[in-house]
Amino acid sequence: MQKRPQARKLQPFDRIFPQNMTLTTKVLIGLAAGMALGIAISLSASPALRSIPIYLEPIGTLWVNALRMIVLPLVVSAILIGVTSLPDMRTMGRIGGRAFTLFLVLLAAAAAYSVIVAPIVFSGLDINPAAAQALRASVAQTSGEAVANASKITGFRQWLIDLVPTNPIKSAADGAMLPLIVFSILFGLGLSRATTANRETFMRGVQAIMDASLTVVRWVLAVAPIGVFAISVPLAMRLGLTAAGAVAYYMVGVSAMCVAFMGLLYLLAIVVGRQPPRLFARASAPAQAVAFSSRSSLVSLPAMLESSATILKLPLSIRSFFLPLAVATFRPGSAIGIPVGVIFLAQLYGVPLGPPELATIAFLSVITTFSVPGIPGGSIIVMVPVLTAANLPVDGIGLLLGVDTIPDMFRTTTNVTGDMAAASVLSRYESADVTSYEAAVVAATGITTS
């Protein structure tokens, strides 16, 4: 008797989407559908429709929490494997030096682009004096909490001190990823000095954690279309289509400038990183969709790690060491958002900005990006020193925070695009060392790097 062919196990959404549709396409469809439904609900007066986001929002929160949950073991295990497998200290120094140089160049380019283009963009903004006065008065009344929160943000000096955590467990609990990365690097360097037998025993356990983390990541990403949809509906409902005058002009202006700079980042990945355009776009899209809907670069890290390995085939040194470092420190979206916000407030308050003031704003914005907290609206909160240097009242951040949802979505997407572009550029220069590096991984740990 002939056996009947075994039915293929259905994957998530196989009954909804065509079987050959990529995850990227599914996620983008979920994002577009969620935004469309949310806007439709915002325009409707139906109580039944307006109750939909109440039920969807917890689903989106659960999905984001699942991604946040797996980031910690994924990052720590990836860095430990990367550091302990380095052929020598020069390899880490080389990657770190190239990364820091590339970060500074791209951040400086983003800030310079902003102080040149933003005055041109806002030159068409004609703010009625009476409306400007009313807006400033409203800001002064409602920005007390925002200014108070901004005063709690540490400056660059304290940020530098906090890089070495006194308690790594507390850093992990607080979500302070950069100090945790510093601890993981130092711990990995110390582990590389342990005896071969002890190191191999420990690293096999770390590899098990890494394998389990990647499995959970794939599970979470498999339901990404639902997660992104559930996040997008309440977000779009709150935003609606309502925005007026100067505020709408600012929101459109900063968002459009982020989109234009993302085009430059794509060009960088294609020309300098030598990535095929369609391949780079397909690899970046899942992380971009997560970033756009969640407004968190950190939440996008699992998608970046997955795409960099399976689609772009980047070296292990870039995936395990560079990408977590980039997510924690590199924010080109903030290097655009901070100068644009300051220039907009200067126009609102009628404060002229000449070339020296614009140069100061650009310089301080680059430095400030390294201390942006990993929370929605973080770029606005750390804007206080830049506003002070430009002789602008810090009350203005209350207005920017109030309308920051849409700009923050584009800034975060710019951050993620910058991470992927920078990884592509660095991988080109690491390619000559990939063979020896990955051979050293196998020799040191017995672990394959695929």
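It should be noted that the structure appears before, not after, this text.
Read on for an overview of the structure. Treat the numbers as computed from the prediction; the structure is a model and nothing was measured. Per chain, the residues get numbers from 1 upward, laid out in the order the sequence is written. Owing to the predicted nature of the model, reporting of local features is limited to residues with pLDDT of at least 70; listing and counting of side-chain atom pairs is limited to 80 or more, with chain, interface and lining totals taken over all residues. Excluding hydrogens and water, the side-chain figures rest on all heavy atoms present in the structure.

## A few points about a nonpolar patch on the surface
Part 1: A contiguous nonpolar surface patch, about 220 Å² in accessible area, is contributed by I59, V223 and I226.
Part 2: We count a stretch as a helix when DSSP gives it H or I for four or more residues in a row; a strand needs E for two or more, and each element gets its number in order from the N terminus. On the secondary structure map, V223 appears in the loop between α10 (196-222) and α11 (224-239). Patches here: salt-bridge-free residues with over 30% relative accessible area, like charges joined within 9 Å, nonpolar side chains (Val, Leu, Ile, Met, Phe, Trp, Tyr) joined within 5 Å. A 1.4 Å probe and the Shrake-Rupley method give the accessible areas. Residues count as covered only by the protein chains that appear here. By convention in these notes, a salt bridge is any Lys or Arg side-chain nitrogen within 4 Å of a carboxyl oxygen on Asp or Glu.

## Overview of the pattern of salt bridges
Part 1: Inspection of every chain in the model, using the stated rule, returns two salt bridges.
Part 2: For R295, the salt bridge is made with D408, and the minimal N-O distance between the two is 3.0 Å. Note that R295 is positioned in the loop between α13 (277-294) and α14 (297-310) and D408 in helix α21 (residues 405-430), a separation of 113 residues in sequence. Residues R295 and D408 agree in their burial class; the two are buried.
Part 3: Taking the shortest distance from any N to any O, the salt bridge between R411 and D408 comes out at 3.1 Å. On the criterion of helical spacing, the pair formed by R411 and D408 is a turn pair, its members being three residues apart in helix α21. A single burial state applies to R411 and to D408, both of which are buried.
Part 4: Because the salt bridges share partners, they merge into one network encompassing R295, D408 and R411. Under the scheme applied here, a residue whose accessible area is under 20% of the maximum for its type counts as buried, over 50% as exposed, and between as partly exposed, the area being computed with a 1.4 Å probe on protein chains only.

## Here's the deal with the side chain of R331
Part 1: Within the secondary structure layout, R331 lies in the loop between α15 (316-329) and α16 (332-349).
Part 2: Only four residue types enter the tally: Lys and Arg on the positive side, Asp and Glu on the negative side; His and the chain ends are excluded. Within the buried core, R331 has no salt-bridge partner, and the shortest N-O distance to an opposite charge, that of D419, equals 8.3 Å.
Part 3: A polar contact of 3.5 Å, which involves the side chain of R331, links it to the backbone oxygen of T369. Two N or O atoms form a polar contact when they lie within 3.5 Å of each other; inside protein one atom must be a possible hydrogen donor and the other a possible acceptor, and for residues adjacent in sequence the pair counts only when both atoms belong to side chains.

## So, the packing of aromatic side chains
Part 1: Note on ring pairs: Phe, Tyr and Trp rings are taken, using the six-membered ring of Trp, and paired if centres are within 6.5 Å. Classes follow the plane angle, with under 30 degrees stacked, over 60 edge-to-face and the rest tilted. Summed over the entire model, instances satisfying the criterion amount to 10 aromatic pairs.
Part 2: Ring centres of Y113 and F261 lie 5.6 Å apart, and the angle between their planes is 35°; on these two criteria the pair is classed as tilted. With Y113 in helix α4 (residues 89-122) and F261 in helix α12 (residues 245-271), this residue pair connects regions lying 148 residues apart in the sequence. Grouping residues by exposure puts Y113 and F261 together as buried.
Part 3: The interplanar angle of 35° and the centroid separation of 5.7 Å between the aromatic rings of F183 and F187 together place this pair among those described as tilted. Of the two residues, F183 and F187 are both situated in helix α9 (residues 177-191); the distance of four residues between them amounts to about one turn of the helix.
Part 4: F183 sits in the partly exposed class, given a relative accessible area of 32%.
Part 5: Taking relative accessible area as the criterion, F187 reaches 37% and is therefore assigned partly exposed.
Part 6: Three or more aromatic residues link up through ring pairs in this structure, and these residues are F122, Y249, Y250 and F344.

## Points about the packing of α14 against α15
Part 1: Relative to each other, α14 and α15 sit at 155°, their axes nearing to 10 Å. In terms of orientation, α14 lies roughly antiparallel with respect to α15. You can see that α14 and α15 cross each other, and the crossing is right-handed. Here S297, L298, L301, M304, L305, S308 and A309 of α14 come into contact with α15, specifically with R319, L323, P324 and V327. Axis definition: a line fit to C-alpha positions, over the contact stretch in the case of helices; interaxial angles, taken between N-to-C directions, run 0 to 180 degrees. Angle categories are assigned with fixed cut-offs, so that under 35 degrees is roughly parallel, over 145 is roughly antiparallel, 65 to 115 is roughly perpendicular, and the rest are oblique. Helix crossings get a hand from a simple test, with the near helix turned counterclockwise from the far one by less than a right angle marking a left-handed crossing and a clockwise turn marking a right-handed one. By definition, residues are in contact when any of their heavy atoms lie within 4.5 Å.

## Topic: unusual backbone geometry
Part 1: Look at R274: it is not a glycine, yet its phi comes out positive at around 55°.
Part 2: Looking at the secondary structure, you find R274 in the loop between α12 and α13.
Part 3: The class for R274 is exposed, based on a relative accessible area of 59%.

## Description of the packing of α10 against α14
Part 1: Between α10 and α14, the least distance of the axes is 10 Å, while the angle of their chain directions is 105°. When the axis of α10 is compared with that of α14, the two are roughly perpendicular. Where α10 abuts α14, its residues V217, R218 and L221 lie against P302, A303 and E306.

## Digging into the environment of S296
Part 1: Summarising the element assignment, S296 is placed in the loop between α13 and α14.
Part 2: S296 gets classed as buried once you look at its relative accessible area, which sits at 6%.
Part 3: For the pair S296 and V416, spaced 120 residues apart in sequence, the C-alpha separation works out to 9.2 Å.
Part 4: When sequence neighbours within four positions are dropped, the list of residues in contact with S296 reads R68, A291 and T412.
Part 5: A distance of 3.2 Å separates a polar atom in the side chain of S296 from the backbone nitrogen of V299.

Everything listed here is a matter of geometry and, on its own, says nothing about what the molecule does.
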